[in-house]
Amino acid sequence: MRIEINNEGTVILRVPMRTTVKQTREMIEKNRSWIEKHTAIVQERQARANSLPPLTVDDISRLADRALAYIPGRVQHYAAILGVTYGRITIRNQKTKWGSCSVKGNLNFNCLLMLTPPEVIDAIVVHELCHRLEMNHSERFYAHVLRVYPEYRRWNKWLKEHGSEIMMRCHK
């Protein structure tokens, strides 16, 4: 059984098919304080995002242009350090992902990364490039990430704390 809270503040409970209503209620009750705490965090993030002006189509286009001018250089820099190759780089306006790496080595990055500190961009670039070494999120994968970018956890945490606010500005 698993409990999630999405960016809209909806509590999602994932349970096996054979789980009884009683078991489900017990799980909810057992985790009530966690649910309330994290729902409040999401509501705070929503309030902060709502206090900022929404991003227009022109804003997003400018961010995409800036990303296309900036991110490939960071990819080239870290690919050389990691000793990996990559395919094409695409900049998109995505609703949930900051980056991705295909099996063929094509890289996708969210243009909204340009609203984050440069260290966050580097963290995402390194993360995606490390998928050229490990196409998973295993301990070995994170060992590669941390070898190249020791501050990864700090900036990944920043993104977890502020990223949804950025995305909410775009998808109001």
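Residues numbered from 1 in each chain as written. Predicted model: local features only at pLDDT ≥ 70, side-chain atom pairs only at ≥ 80, totals over all residues. Heavy atoms only, no water.

### Details of the overall build of the protein
Here is step 1: Secondary structure summary: the protein contains 6 helices and 5 strands in total.
Here is step 2: Element order for the protein, N to C, with α for helix and β for strand: β-β-α-α-α-β-β-β-α-α-α.
Here is step 3: With the principal axes as the frame, the protein shows a C-alpha extent of 55 × 40 × 25 Å.
Here is step 4: Considering the protein as a whole, with its 172 residues, one finds that 40% of them fall into the buried category.
Here is step 5: Here the contacts in the protein between residues at least 6 apart in sequence split such that 59% fall between residues at least 24 apart.
Here is step 6: With an accessible surface of roughly 10400 Å², the protein has 53% of that area assigned to carbon and sulfur atoms. (Helix = DSSP H or I, 4+ residues; strand = E, 2+ residues; numbered from the N terminus. Buried < 20%, exposed > 50% of the residue type's maximum accessible area, 1.4 Å probe, protein only. Contact = heavy atoms within 4.5 Å. Areas by Shrake-Rupley, 256 points an atom, 1.4 Å probe, with all protein chains shown as cover.)

### Comments concerning the pairing of strand β1 (residues 2-5)
Here is step 1: Burial along β1 is one-sided: Ile3 and Ile5 are buried, while Arg2 and Glu4, pointing the other way, are not.
Here is step 2: In terms of strand pairing, β1 meets strand β2 (residues 11-14) through 4 bridges, oriented antiparallel. Across the sheet, the residue bridging to Arg2 is Arg14, located in β2. (Pairing = 2+ DSSP bridges.)

### Looking at helix α3 (residues 57-82)
Here is step 1: Its 26 residues place the ends of α3 35 Å apart at the C-alpha level, agreeing with the 38 Å of an ideal helix rising 1.5 Å per residue.
Here is step 2: At Leu68, α3 shows its maximal kink, close to 30°; a proline, Pro72, follows between one and four residues later.
Here is step 3: Turning to α3, the residues buried within the fold contact β3 (89-92), β5 (107-110), α4 (118-130), α5 (139-148) and α6 (152-170). (Expected span 1.5 Å × (residues − 1). Bend = angle between axes of the 7 residues up to and from the residue.)

### A look at the pattern of salt bridges
Here is step 1: All chains considered together, the criterion is met by 9 salt bridges.
Here is step 2: We note a salt bridge from Glu4 to Arg2, for which the minimum N-O separation is 2.2 Å.
Here is step 3: When the shortest N-O distance is used, the salt bridge between Lys22 and Glu26 registers 3.8 Å. Highlighted residues: Lys22 and Glu26, both in helix α1 (residues 21-30), separated by 4 residues, approximately one helical turn.
Here is step 4: Overall, the relative accessible area of 58% leaves Lys22 in the exposed class.
Here is step 5: For Glu26, a relative accessible area of 46% translates into the label partly exposed. (Salt bridge = Lys/Arg side-chain N within 4 Å of Asp/Glu carboxyl O.)

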